[in-house]
Each structure stands twice: as structure tokens, then as C-alpha cells.
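Chain by chain, the residues:
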Amino acid sequence: MFRKAAAYPGFGDWLALAAAIAVSLLLYAIGKEHRAHAAVFLRGTLLYPYRLVMENAPPRDELQTEMASLRYQLATANREVARCASERVELRRLRTQLDYMERREEPLLPARVLAVTPIRQGEQLTLERGKQHGLYVDQPLLGVHGELVGKVVQVKERESTAQTLRHEALSVMVRLERTREVGLLRWSPLQRLLSLEGIGLDETVFPGDTVVTSGHGRIFPVDIRVGEIVSVRDDSTALVKVILVEPAADFDRLEEAFLLVPDSTLRE
Amino acid sequence: MFFLQYIFLTFVVMLFEATVVPRIAILGLTPDLGLALVVYAGLAGGGRGGTLIGLLIGLLRGSLEPEWLGLDVLLLSAVGFAAAYTSPKVDRDHPVVQGILIALLLLGHDTARVLAITGFSLARAIPLWLSSAPGTALITGILVPTAVHLWRKIYLGGPRGAFS
């Protein structure tokens, strides 16, 4: 709150005004030359803090140039960070693949998935490997963790087409890992899961049981992981169990796959 | 405490006038922050406070323009003294009143200064006065009390207490 205005100035106020007038008259009376000296003195004393700040402050143009340069560096750094994040994800994926390739005894041929084509009967992949890489029809296709993905159905010179397990035309002879019971696995589009057929009512099957390839179809080698049972119920009319299997492969995130290189003993 | 506060503000104002103020020029006219500070010093510190802060700012400004060193000291001291003895009947805490007071004192200050600079030649003084005084008075009278009012409201939680 400001001071209440006094009706009349006090002695101190008049004294201050008189001092100001006296200083003013003195400065006026000393003449131009002395006034210039006084100004220099004042600039060196009263204005010293001000000059100190102003002299140490970088010029405006320099600041603007520096800011533009910093903005550029920030933009470049942000782009670099984004690129590093993407590379980190890729590195993690490649490490997983490398680890799997080293663990597996059979030679594997990695192939980049160029396209995933959902067709009426199911899902097809376009791979960037073809005849010139030694691919052949029915060659098994595995995922990053060694799980079954599908098989090659068409081979061109530089690329090929593969059916995944999510294709109605692909059926696989499989075995329950725990009980060694054999059945036939095929895609069930209504349930969006794999349906395991041919397991008798007297078999003890539980959700969570692992399903692996049996090797009976002579296309896929034995004991390749296919998926996990998610539901089991008895179909009394058909005398078999109705079993649904969740595929082990993550088809929605498939970027690379591995082709099992021809095994002479299996093919013969 | 009052003098320390206002001496600090004086240097802040000098820095502002050299850096920020030229950027907020409207039609080439800029607010006279130094004079506005003298008015606030007069309102808050009474005749002695206003006069002495006017003397300080007059000396600082005059040192940059040695020819009129004494004149600035005299006029700004008078502005501080006059601000302290504005009528007790008006609400001096009100930003509009402060704006009018600043504008009137600035016009008075500029009139006296222009007359002194032109050697009391009305033919030269009037165009010079018209080219800057009314515009500067208007801008200073609007911008400064608004800024002070907002500052007090935001940082001090109300219009009271800033200069008490």
C-alpha cells in the first residue's frame, strides 16, 4: 500500500529537493567541459554495475546465432535418439535370433518377411529368399524362438511364398509332448486358433500342454514346438476330444523367419 | 530498505531500457520506465524518497547525455517530489490513477525538458514535444501500472504490500 499523501512536505522532503536542485545547478554551473568529466566519473562509478552486466552480456546477434545452432543440435540429437531407440529394438531382436541359431543343430537360413497377405483361406507370407538361395516347396519355416511358423508353398527366383499355420490348407501332424499322443492340427478360422483333431476321449489332456511336430508328415522334423493347448472338451458324438491350440509363433509381429535347410536324412 | 529496493530497481530499469524496451516499441515509441519508477518511488517513499531516487536516475541518465546532466537531475527530482504530494483525495493504489499520474507527470517533465533543450523556442519545441511526449505518456501510463498491478497480484497475492 502506498503512503497516504501528506498535505504538506516535511523538512526532510524540502531538504532532499533543495539538495537535488543544488546538485542540478552545480552541474549546470560548472560548464560543459567539467560536466563531461562529471559524466565520465558517473559512468565509471554509478553506472559500473550496469556496464559490467552489459559488457559481459553477449551481443544479440551472437545470441541468436548461438540459439539457432543449439536448436539445430537439439533437432539432430532428437533424431539420433529416435534412431538409437529403433536400433536398440532391432539389436535385441537380432540377438535373440543369433542365440537361437547358435543353439539349433540344423543349419538355418534367415529370411526377411517382405509381406503378410491375409487371403480368404488364411495367411501367406512373402519371403525375400528364393530359388537362388536354395529354397524348395514344403521347406519348413520357423520363428525366432524355433517355433513352427509354416512352410514354403511357392518358390520364385528371388522370393518365395509361405503358408503360415493360420492357413486352412496347412495341416500338421503333431504330438502332445507330455503323452506322446499323435493328432492332426489345422487352422480353425471361427475360433481364430488351431484345432487339434484325432485325440481320443480316453486321453488325459490338459490346457497348458505343449504340442510339438511328430515328424510323421515327412515335411517337418520332429519336436518343433507348435503351440500350447488352451481349451479341451469332450465331443461325445465324435468320440474324440475338441482341443484348441494357441500357436507359439507371434504371427502379428513376424519380421524375420528361419528356413530349415534341407536335411538329407529327412528328405530321403 | 526502501532505498536499497529502489536502487536495485533503478539498475534493473536501466538494463530493461537497454535490452527489452527497444523490442516492445510501438510506432517507435517506448515506455519511460525510469520516470515511472521515480513516480512509484514518490508514491511509496514520500517526498524524500521520490526526490532522491529522481536525483539518482537523473544522474545516471545525465551521465549518458552529459550536455543535459543537470537538467535531468532537476526534472526527475521534481517529478519524484510532485508524485509524493499528489492530492490525498485520490486513490493512489488504483492502477488507473497511477497511470494518469504517470502520464501527467511525464507530460510535464517532457514539456520542461523540450523547452530547455530548444532554448525556449516554441517553434522548435512544439513539434519535438508532439512527436514523442503524448505517445510516450500514453504507453507508459498504460503499460507500467498494468504490469505493476499484475506483478503485485501474482507474486504478492494482492494489490497491497508491494511498496509499503
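For the structure given in this document, a descriptive report is provided here.

Cut-offs used in this document
Residues numbered from 1 in each chain as written. Chains lettered and ligands numbered in written order. Predicted model: local features only at pLDDT ≥ 70, side-chain atom pairs only at ≥ 80, totals over all residues. Heavy atoms only, no water. Helix = DSSP H or I, 4+ residues; strand = E, 2+ residues; numbered from the N terminus. Buried < 20%, exposed > 50% of the residue type's maximum accessible area, 1.4 Å probe, protein only. Contact = heavy atoms within 4.5 Å. Axes fitted to C-alpha atoms, helices over the stretch in contact; angles between N-to-C directions. Parallel < 35°, antiparallel > 145°, perpendicular 65-115°, else oblique. Left-handed = near helix turned anticlockwise from the far one by under 90°. Nonpolar A, V, L, I, M, F, W, Y, C, P; charged D, E, K, R; others polar. Pairing = 2+ DSSP bridges. 1 Å grid on protein atoms, 1.4 Å probe; cavity = no way out; pocket = protein on both sides within 12 Å on 5 of 7 lines; lining within 4 Å. Points joined across faces, edges and corners; volume = space filled by probe spheres on them. Buried area = accessible area lost by both parts, 1.4 Å probe. Polar contact = N/O pair within 3.5 Å; in protein donor to acceptor, adjacent residues only side chain to side chain. Phe/Tyr/Trp six-rings, centres within 6.5 Å; stacked < 30°, edge-to-face > 60°.

## A short note on the side chain of Arg61(B)
All names here are of chain B. Its place among the elements puts Arg61 in helix H2 (residues 33–64). For Arg61, a relative accessible area of 18% puts it in the buried group. In this view, Arg61 contacts Glu17, Asp32, Gly34, Leu35, Asp72 and Leu76; residues no more than four positions away in its chain are not counted.

## Notes on the packing of helix H1 (residues 11–29) of chain A against H2(B)
As a packed pair, H1(A) and H2(B) sit with axes 7 Å apart at the nearest point and diverge in direction by 20°. Taken together, H1(A) and H2(B) sit at an angle that is classed as roughly parallel. Judged by the sense of rotation from one axis to the other, the crossing of H1(A) with H2(B) is left-handed. Between H1(A) and H2(B), the residues in contact are Gly12(A), Asp13(A), Ala16(A), Leu17(A), Ala20(A), Val23(A) and Leu27(A) and Gly47(B), Arg48(B), Thr51(B), Leu52(B), Leu55(B) and Leu59(B), respectively. Residue composition of the contact of H1(A) with H2(B), by class: 8 nonpolar, 3 polar and 2 charged.

## Quick word on the sheet that holds strand E9 (residues 210–213) of chain A
Residue and element names in this part refer to chain A. Here we have 6 strands rolled up into a closed barrel, ordered E6-E7-E8-E11-E10-E9, and antiparallel in their pairing. Across the sheet, the mean angle from the axis of one strand to that of its neighbour is 45°, orientation sign disregarded. Direction of pairing for strand E8 (residues 193–197) relative to strand E11 (residues 240–247): antiparallel, over a ladder of 3 bridges. Bridge pairing in E11 links Leu194 to Val245.

## So, the layout of surface pockets
Summary: where empty space remains is shown by rolling a probe the size of a single water molecule over the atoms. Residues and elements named next belong to chain B. Of the pockets and cavities examined, the largest pocket occupies roughly 680 Å³. What lines the largest pocket is a set of 20 residues, and nearest its centre among them are Val13, Leu33, Val144, Ala147 and Val148. Going through the elements one at a time, helix H1 (2–19), H2 and helix H5 (122–156) are the ones with two or more residues in the lining of the largest pocket. For the lining of the largest pocket, the class distribution of residues is 19 nonpolar, 1 polar and no charged. In this model, the second largest pocket occupies a volume close to 390 Å³. Taken together, 14 residues form the lining of the second largest pocket, with Asp32, Arg61, Glu65, His109 and Arg113 sitting closest to its centre.

## Re the interface of chain A and chain B
Contacts between the two partners involve 34 residues from chain A and, on the opposite side, 46 residues from chain B. For the pairing of chain A and chain B, the buried interface totals around 3300 Å² over both sides, and the portion due to carbon and sulfur atoms is 72%. Here chain A is connected to chain B by 6 residue pairs in polar contact (both at pLDDT 80 or more). Put simply, the parts of the chain that give the side of chain A that touches chain B at least two residues each are H1, helix H2 (31–45), helix H3 (48–56) and helix H4 (60–103) of chain A. Among the elements that take part in the side of chain A that touches chain B, H1(A) stands out by supplying 10 residues, more than any other. A per-class count over the side of chain A that touches chain B returns 23 nonpolar, 4 polar and 7 charged.

## Structural notes on the packing of aromatic side chains
We describe a pair of aromatic rings using the distance from one ring centre to the other and the angle between the two ring planes. Applying the stated rule across the entire model yields 4 aromatic pairs over all chains. Considering the side-chain rings of Trp14(A) and Phe81(B), the 5.1 Å spacing of their centres and the 45° angle between planes classify their relative orientation as tilted. Placement of the pair is Trp14(A) in helix H1 and Phe81(B) in helix H3 (residues 69–84), with the two residues belonging to separate chains. Judged by relative accessible area, which is 11%, Phe81(B) ranks as buried.

## Some details on the pairing of strand E12 (residues 256–260) of chain A
Most of E12(A) sits inside the fold, with 5 of its 5 residues counted as buried. Across the two faces of E12(A) the burial is the same, with Glu256(A), Phe258(A) and Leu260(A) and Ala257(A) and Leu259(A) all buried.

## Side note on the pairing of strand E2 (residues 122–127) of chain A
Residue and element names in this part refer to chain A. Summarising burial for E2: 5 of the 6 residues are buried, a large majority. In this structure, E2 lies alongside strand E5 (residues 160–167), joined through 5 bridges in antiparallel fashion. Bridging from a neighbouring strand, Gln124 pairs with Gln163 of E5.

## Examining the packing of H3(B) against helix H4 (residues 95–117) of chain B
All names here are of chain B. Their axes nearest at 10 Å, the elements H3 and H4 cross at an angle of 155°. Classed by the angle they form, the pair H3 and H4 counts as roughly antiparallel. Both H3 and H4 take part in a crossing whose hand is right-handed. Residues Leu71, Asp72, Leu75, Leu76, Val79, Ala82 and Ala83 of H3 lie in contact with H4, whose contacting residues are Leu105, His109, Ala112, Arg113, Ala116 and Ile117.

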